[in-house]
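Fold and contact review
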Amino acid sequence: MDSVFDELYEKYHHDVFQFIFYMVKNREQAEDLVQEVYIRVLKSYERFEGKSSEKTWLFSIARNVAIDHFRKQKGWKQKIAEKFDWTTGQVKDESPIPEEIALQKEEVGKIYQCLDRCTVDQRMVIVMRYIQELTIAETAEALGWTESKVKTTQHRALKVLKKEMEERMAKEETASEKIRVER
Amino acid sequence: MKRSEWNDKQLEELLSNMPKIQDHRDPRDIYQNITIKMSKKKQRSWVVPSVATAAAILLFVILVPNVMNWNESTSNSMEERSTASDSAEQPEMAKMTENSEDSAGGKEEAKIFTDKKNDENMQMTSIEEEETYTALYKEDLTDGNVFTYAIPDTQGQNIVPISIVVPKEDGKELFEQYKEIMTSLKEEEWGLSEFYPLKAELSISNESVLNVSVPTDHPYMYGVPGQEAFTETLRELAKTLGLNEVDLFTEEKKGIEFELYGNLPTLDLSNDSNHAYYFHYPEKKPKQLYLVPYSQPYKSIEEAFNAMKENISLGLSASIPQDINIEEIKSAGEDILNLKFDDDSKIANEPSFIHTIEAILLTAKDFDFEKVIIQYNKLDKIGKFNMNEEIEVPVAPNKMEILN
């Protein structure tokens, strides 16, 4: 095997796969996209001059691949948007929860679904900052942003998640209360 | 347990507890998939053109003698015929022998032939004066208006501003001309992605407000570059037409929904400047150079010039070489920027340096300078730019022509 591929696989494969998975929430698509990341990386590896860290460079490519994917998928995304029921603030048809997440406690599954309500930018920041545990500086470098943009995006994303989580929880509570009253 | 209240800390904790998702495939399988994909991509890029070239040569070889014969039968003079056929065939013959010598290396003749042709083309363009300058300058603009359209690149990473000069037409409104040009832009031919005409109705009300109406299923809701190009183009249009408000509608309803910006009822027209220009070579047309502003603004022009020595992720490459040292950046007058290339800077009178000067001028323009003086002791001129004298900043970036 190619030594560059070998090295990158060893060091970063799981991080990159994870990032892409949480961006697209679909295992097959993530598998395809991660291959696309390698193709772009291997094509431009000679041009990588070590000015940024290898890790953030790889993430910046992964980000571009993910963005491209969303670009191509806009028809599909729009379909999902149409399914969104504006009166109840609920997405009717959500992407299925993978096994790994279904095994976790309930809140994890909920927040996984709430991620859909963030913009692409916000989701990228959330995934990089909390799931990949990149620092603000690393996230900024990978996204080609300033640190302050990362901070404000992160802040807005948490606000979106907070609101969503609270709405879901509140609804569940009223639902369970109803059941109790009916009894 | 009642937990309808959430704070940031709890959310952060929950997020970092998200399970690690593993890719269960064998790395060897992944590597194999990649190599298959990469070789497919490569194959596609040369098989078709070389087969086509081979077929073209074959046709040529068959047809040329026939055409000559036909000439022969119509012409009466024997002598005339032989000179005509000689002069037509000889250069071709010379080329063929050249090629067959090369193909002794075992490569396909057709491929070498195409490569050769490409090389020739490349030399041609680097010699041609006109092609060297990417931007539009005052002297190019005898009597016309300029429209700048924002077009996304094919990788969805950058927005390329493309400027078109349109001759002034009497009795025709600028706005009408703008809409007309929008339908004849050749994005794909330019190596960019298909974007125009906008799927929106544009109209002007009260002579100062641009109204933009999109259908409910408008294509600008998702996709980062699409959203950016859409809003950027409208901002640019408002500027060109001297309008001071852009109102957005979805059919009759006020506001357009964007994934990036949320629901926007109007566009912010406040001056969005201080960008640096980088080199961008489209993936689909790698020989075409565009000078493209990076979306992130810089605090000062010094910072911008420093940043321009570095590549930006994918798609934007450094527009100032590492070994050009810019010192003494100061504003000479209010609108004049004065800078100096260090004597150790390695600069020659070549196209690539002309492009560097263009990038510097366009960046200066974005920082609201009108003229730039570049002090450099070792050269009087780089292309048409005089060193140590005032140079006017370009009118607009990336001039393109639409030939109908």
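Residues numbered from 1 in each chain as written. Chains lettered and ligands numbered in written order. Predicted model: local features only at pLDDT ≥ 70, side-chain atom pairs only at ≥ 80, totals over all residues.

Details of the overall build of chain B
- Broken down by element type, chain B carries nine helices and 17 strands.
- Among the 404 residues that make up chain B, the fraction classed as buried is 28%.
- Nonlocal contacts in chain B, meaning residues at least 24 apart in sequence, comprise 61% of its contacts between residues at least 6 apart. (Helix = DSSP H or I, 4+ residues; strand = E, 2+ residues; numbered from the N terminus. Buried ≥ 20, exposed ≤ 12 C-beta atoms within 10 Å, placed from the backbone. Contact = placed C-beta atoms within 7 Å.)

Some thoughts on the overall build of chain A
- When you go through chain A residue by residue, the secondary structure sums to nine helices and two strands.
- Each helix and strand of chain A, ordered N terminal to C terminal, gives the series α-α-α-α-β-β-α-α-α-α-α.
- The 183 residues of chain A split such that 33% are buried.
- Considering only contacts in chain A between residues 6 or more positions apart, those separated by 24 or more positions represent 62%.

What about the confidence of the model for chain B?
Residues and elements named next belong to chain B.
- For chain B, per-residue confidence averages 79 on the pLDDT scale, and residues scoring 70 or more make up 78% of the total.
- For chain B, the element scoring lowest by mean pLDDT is helix H4 (residues 109-127), at 46; strand S9 (residues 277-280) scores highest, at 95.
- Considering only residues more than four positions removed or in separate chains, one finds that residues 79-114, a stretch of pLDDT under 50, has 27 contacts.
- For residues 119-128, every residue scores under 50 in pLDDT, and the model assigns this stretch three contacts once sequence neighbours within four places are set aside.
- This complex was scored by the predictor with a pTM of 0.52 and an ipTM of 0.79. (pLDDT = per-residue confidence, 0-100.)

As for the sheet that holds strand S12 (residues 336-341) of chain B
Residues and elements named next belong to chain B.
- What the four strands build is an open sheet, ordered S11-S12-S13-S16; its pairing is mixed. Two strands lie at the open edges of the sheet, namely strand S11 (326-331) and strand S16 (390-392), each paired on one side alone. On average, each strand axis in the sheet is inclined to that of its neighbour by 25 degrees, with strand direction left out of account.
- With four bridges joining them, S11 and S12 adopt antiparallel strand pairing. Looking at the pairing, Glu327 lines up with Lys340 of S12. (Pairing = 2+ DSSP bridges. Axes fitted to C-alpha atoms, helices over the stretch in contact; angles between N-to-C directions.)

What about the interface of chain B and chain A?
- Each partner contributes residues to the interface: chain B has 43 residues there, and chain A has 50 residues.
- Looking at the side of chain B that touches chain A, the elements that each hand over two or more residues are helix H1 (8-16) and helix H2 (27-74) of chain B.
- Here the element with the most residues in the side of chain B that touches chain A is H2(B); it accounts for eight residues.
- When the residues that make up the side of chain B that touches chain A are grouped by side-chain class, the tally is 19 nonpolar, 11 polar and 13 charged. (Nonpolar A, V, L, I, M, F, W, Y, C, P; charged D, E, K, R; others polar.)

A few points about the sheet that holds strand S2 (residues 159-167) of chain B
All names here are of chain B.
- An order of S1-S2-S17 is seen for the three strands of this open sheet, with the pairing classed as mixed. Single-partner strands in this sheet number two, and they are strand S1 (144-152) and strand S17 (399-400).
- Relative to S2, S1 runs antiparallel, the two sharing nine bridges. For Asn145, the partnering residue across the bridge sits in S2 and is Val166.
- Helix H7 (residues 224-241) contacts S1 and S2 of the sheet and is inclined by roughly 165 degrees relative to S1.

What to know about the confidence of the model for chain A
- Counting all residues, the mean pLDDT for chain A is 79, and 77% of those residues have values of 70 or more.
- Predicted confidence for residues 82-93 of chain A stays below pLDDT 50, and this span has eight contacts to residues more than four positions away or in other chains.

A look at the nonpolar core
- Counting 68 residues, the largest nonpolar core has B:Ile151, B:Leu234, B:Tyr278, B:Leu291, B:Leu361, B:Ala364 and B:Val372 as its most contacted members.
- A total of seven residues in this core trace back to one element, the largest contributor, which is helix H9 (residues 351-366) of chain B.
- Inspection of this core shows a minimum of three residues originating in each of domain 2 (138-264) and domain 3 (298-394) of chain B.
- With 50 residues, the next largest nonpolar core counts A:Tyr22, A:Val127, A:Met128 and A:Met165 among its residues. (Core = buried A, V, L, I, M, F, W, Y, C linked by C-beta atoms within 7 Å. Domains from an automatic or database assignment.)

Re the pairing of strand S13 (residues 371-375) of chain B
Residues and elements named next belong to chain B.
- What you see with S13 is a clean split: Val372 and Ile374 sit on the buried side and Lys371, Ile373 and Gln375 on the side with no burial.
- Handedness of the S12-H9-S13 crossover: right-handed.
- Examined bridge by bridge, S13 and S16 share three bridges and lie antiparallel to one another. Its bridge partner lying in S16, Lys371 is registered against Glu392. (Right-handed = clockwise from strand over helix to strand, strands pointing away.)

Some thoughts on the packing of helix H7 (residues 120-131) of chain A against helix H8 (residues 136-143) of chain A
Residue and element names in this part refer to chain A.
- The N-to-C vectors of H7 and H8 enclose an angle of 135 degrees; their axes lie 10 Å apart at closest approach. Relative to H8, the element H7 lies oblique. By crossing handedness, the relation of H7 to H8 is classed as right-handed. Across the interface between the two elements, Met124, Val125, Met128 and Arg129 from H7 touch Thr139, Ala142 and Leu143 from H8. (Parallel < 35°, antiparallel > 145°, perpendicular 65-115°, else oblique. Left-handed = near helix turned anticlockwise from the far one by under 90°.)

As for the environment of B:Val209
Residue and element names in this part refer to chain B.
- In this fold, Val209 is placed in strand S4 (residues 209-214).
- Here the alpha-carbon distance between Val209 and Asn244, two residues 35 residues apart in the chain, equals 6.3 Å.
- What Val209 contacts, discounting residues up to four positions off in sequence, is Ile204, Leu243, Glu245 and Asp247.

Some remarks on the packing of helix H1 (residues 3-24) of chain A against H7(A)
Residue and element names in this part refer to chain A.
- Here H1 crosses H7 at 140 degrees, and the two axes come no closer than 10 Å. The orientation of H1 with respect to H7, classified from their angle, is oblique. Crossing geometry of H1 relative to H7 is assigned as right-handed. On H7, the residues that touch Gln18, Phe19, Tyr22 and Met23 of H1 are Arg123, Met124, Val127, Met128 and Ile131.
- A class-by-class count of the residues in the contact of H1 with H7 yields seven nonpolar, one polar and one charged.

What about the environment of A:Gly144?
- Note that A:Gly144 resides in the loop between H8 and helix H9 (147-182).
- For A:Gly144, a count of 20 C-beta atoms within 10 Å corresponds to the buried category.

Things to note about the environment of A:Ile67
- Looking at where A:Ile67 falls in the secondary structure, it is placed in helix H3 (residues 54-72).
- In this structure A:Ile67 comes out as buried when scored by C-beta crowding, with 20 C-beta atoms within 10 Å.
- Expressed as a C-alpha distance, the spacing of A:Ile67 and A:Val24, which sit 43 residues apart in the sequence, is 9.9 Å.
- Contacts of A:Ile67, omitting those with residues within four sequence positions, involve A:Val120, B:Gly156 and B:Val224.

Details of H7(B)
- Over its 18 residues, H7(B) extends 26 Å from the first C-alpha to the last, a length consistent with the 26 Å expected when each residue adds 1.5 Å.
- Of the residues making up H7(B), those classed as buried are B:Val224, B:Pro225, B:Gly226, B:Gln227, B:Ala229, B:Phe230, B:Thr231, B:Glu232, B:Thr233, B:Leu234, B:Leu237 and B:Ala238. (Expected span 1.5 Å × (residues − 1).)

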